[in-house]
Amino acid sequence: MTEFALILVSAVLVNNYVLTKFLGICPFLGVSGKLETAIGMSFAVMFVMTLASTASWLVQTYILVPLDLLYLQTIFFILIIASLVQFIEMMIHKTSPVLYQALGIFLPLITTNCAVLGVALLNVQQEQGFISSVLYGFGAALGFALVLVLFSGLRERIDYAPVPAVFKGSPVALITAGMMSLAFMGFSGLVKL
Amino acid sequence: MTQFVAAVSSLGAFALVAGIILAIAQKAFRVEGDPMVEKIDALLPQTQCGQCGYPGCKPYAEAVASGEADVNHCVPGGERTMLQIADLMGVEPKSLEEEAAAPMLAFIREDECIGCTLCIKACPVDAIVGAPKQYHTVIADHCTGCTLCVEPCPVDCIDMLLKPELIEHWAWPLPDTTRARLGQERRSQHAGAA
């Protein structure tokens, strides 16, 4: 049980994919303008990341390793992620057209979110058990959701702050992201796996 | 050779399974029409007045959803509806058109009214009261200024007047504090939307 808790803390805080590994920066900056959109995006990414790490573990263990096809790893994982993203795009279009409109191009672009592929690849490299890798994928997604929601909250408030004209918009967002990253560096060494 | 066959067949089989699952999902999650149109249509006042330049609320909703029309053409809906649609579409709110800046109101010259009830039938918001052979009058608070009643009147006794400030919406001027200003803004928004 402690081990699972450690995996979650490690994936969410210590090895946060956005702020520590710098993967998935595109949606981090792209969809963080509004809090609602960020929350919707977080749920979509959580769904895709968790299922992608589950499916990639299964594919790795039952197809790639027995058939000795490890060189096909990337293409298999991309296939999994692309199908999952297609699936969730259809689902969101049906269930929440407003969210669909708000996410716009960033929804199909989850396919190219390197954090998703990164989680799948790093996950199988660590050669953990099934539950650990599912949990690791979920934790990584939770970490992504956490920083995305925090960052969009910050950005919504920065919009009302007296920012110098030259720093308005993207520059101050990037500076904020850098500061958040520095803050997350403080977690390093909290958990050793 | 076996390596090659294993690689091709496993990847092919996997892609096939993924494709079949997606095909089933496509059937299950098919979207009837554009749900955005329904959402916008629900926000519109359903007066079917045609002041937006489209033949009704639904066609205007379709035009907005497809990005063909701006969000600020609904006159009866006023600023509140415009803000809601802009929020739904995720676009910048635009100021309303000129007509909305000076809200109009239908007024029946009761001396000339012959009690034909034609304007009552034409009114989309039931803002005209009256009975056959009795003169009619307009409920000022409900009239949206859509002008639909002007055309059917056989004796041309309906005028479009500038909407006066209703006594219900009048308030004492407030002291100039932040809280008072906010209240004033909220009231003026309500008056604009009514």
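Above this text sits the structure in question.
In this report, we go over the structure that sits alongside the text. (Residues numbered from 1 in each chain as written. Chains lettered and ligands numbered in written order. Predicted model: local features only at pLDDT ≥ 70, side-chain atom pairs only at ≥ 80, totals over all residues. Heavy atoms only, no water.)

## A short note on the interface of chain A and chain B
Part 1 of the reasoning: Contacts between the two partners involve 22 residues from chain A and, on the opposite side, 20 residues from chain B.
Part 2 of the reasoning: Run the count over chain A and chain B and you get 0 salt bridges.
Part 3 of the reasoning: Run the count over chain A and chain B and you get 3 residue pairs in polar contact (both at pLDDT 80 or more).
Part 4 of the reasoning: Considering every element that reaches the side of chain A that touches chain B, the biggest residue donor is helix H4 (residues 73–95) of chain A, with 11 residues.
Part 5 of the reasoning: When its residues are assigned to classes, the side of chain A that touches chain B shows 15 nonpolar, 4 polar and 3 charged. (Contact = heavy atoms within 4.5 Å. Salt bridge = Lys/Arg side-chain N within 4 Å of Asp/Glu carboxyl O. Polar contact = N/O pair within 3.5 Å; in protein donor to acceptor, adjacent residues only side chain to side chain. Helix = DSSP H or I, 4+ residues; strand = E, 2+ residues; numbered from the N terminus. Nonpolar A, V, L, I, M, F, W, Y, C, P; charged D, E, K, R; others polar.)

## Topic: unusual backbone geometry
Part 1 of the reasoning: Residue Asp68 of chain A is not a glycine yet carries a positive backbone phi of 60 degrees.
Part 2 of the reasoning: For Asp68 of chain A, the position within the fold is in the loop between helix H3 (35–67) and H4.
Part 3 of the reasoning: Of note, the phi angle at Lys133 of chain B is positive, near 65 degrees, even though the residue is not glycine.

## Notes on the environment of Phe77 of chain A
Residue and element names in this part refer to chain A.
Part 1 of the reasoning: If you trace the backbone, Phe77 turns up in helix H4.
Part 2 of the reasoning: A residue is classified by how much of its surface remains accessible, and Phe77, at 1% relative accessible area, is buried.
Part 3 of the reasoning: Along the chain, Phe77 and Val59 lie 18 residues apart, while their C-alpha atoms are 8.4 Å from each other.
Part 4 of the reasoning: Residues within four places of Phe77 in sequence aside, it is in contact with Ser56, Gln60, Leu64, Leu117, Ala120, Leu121 and Val124. (Buried < 20%, exposed > 50% of the residue type's maximum accessible area, 1.4 Å probe, protein only.)

## A short note on the side chain of Asn123 of chain A
Part 1 of the reasoning: Along the chain, Asn123 of chain A falls in helix H6 (residues 114–125).
Part 2 of the reasoning: Dropping the residues within four chain positions of it, Asn123 of chain A is found in contact with Ser53, Gly118, Gln128, Ser133, Tyr136 and Gly137 of chain A.

## Observations concerning the environment of Pro45 of chain B
Residue and element names in this part refer to chain B.
Part 1 of the reasoning: For Pro45, the location among the structural elements is in the loop between helix H2 (35–43) and helix H3 (57–65).
Part 2 of the reasoning: Relative accessible area serves as the criterion here: at 33%, Pro45 is assigned to the partly exposed category.
Part 3 of the reasoning: When the C-alpha positions of Pro45 and Thr144 are compared, they lie 10.0 Å apart, and in sequence the two are 99 residues distant.
Part 4 of the reasoning: Not counting residues up to four positions away in its chain, the partners in contact with Pro45 are Cys74, Pro76 and Gly77.

## Points about the packing of aromatic side chains
Part 1 of the reasoning: Counted according to the given criterion, the structure contains 9 aromatic pairs over all chains.
Part 2 of the reasoning: Residues Tyr54 of chain B and Tyr60 of chain B carry aromatic rings whose centres are separated by 5.8 Å and whose planes lie at 40 degrees to one another, so their mutual orientation is tilted. (Phe/Tyr/Trp six-rings, centres within 6.5 Å; stacked < 30°, edge-to-face > 60°.)

## Some words on the state of the cysteines
Residues and elements named next belong to chain B.
Part 1 of the reasoning: Under the definition given, this model contains 0 disulfides over all chains.
Part 2 of the reasoning: Cys116 provides the cysteine sulfur closest to Cys119, a residue in no disulfide bond, and the two sulfurs are 5.9 Å apart.
Part 3 of the reasoning: Cys153 forms no disulfide, and the closest cysteine sulfur to it belongs to Cys157, at a distance of 3.8 Å. (Disulfide = S-S within 2.5 Å.)

## Topic: the environment of Ile105 of chain A
All names here are of chain A.
Part 1 of the reasoning: Its location among the elements puts Ile105 in the loop between helix H5 (97–103) and H6.
Part 2 of the reasoning: Looking at Ile105, the relative accessible area reads 57%, which means it is exposed.
Part 3 of the reasoning: Residues Ile105 and Gly30 lie 75 residues apart in sequence; the distance between their C-alpha atoms is 10.0 Å.

## What about a nonpolar patch on the surface?
All names here are of chain A.
Part 1 of the reasoning: A grouping of Phe22, Ile25, Leu182 and Met185 is seen on the molecular surface, where their side chains present a nonpolar patch of about 390 Å² in accessible area.
Part 2 of the reasoning: Within the secondary structure layout, Met185 lies in helix H8 (residues 170–185).
Part 3 of the reasoning: With a relative accessible area of 37%, Met185 lands in the partly exposed category. (Patch = residues over 30% accessible without salt bridge, like charges linked within 9 Å, V, L, I, M, F, W, Y side chains within 5 Å. Areas by Shrake-Rupley, 256 points an atom, 1.4 Å probe, with all protein chains shown as cover.)

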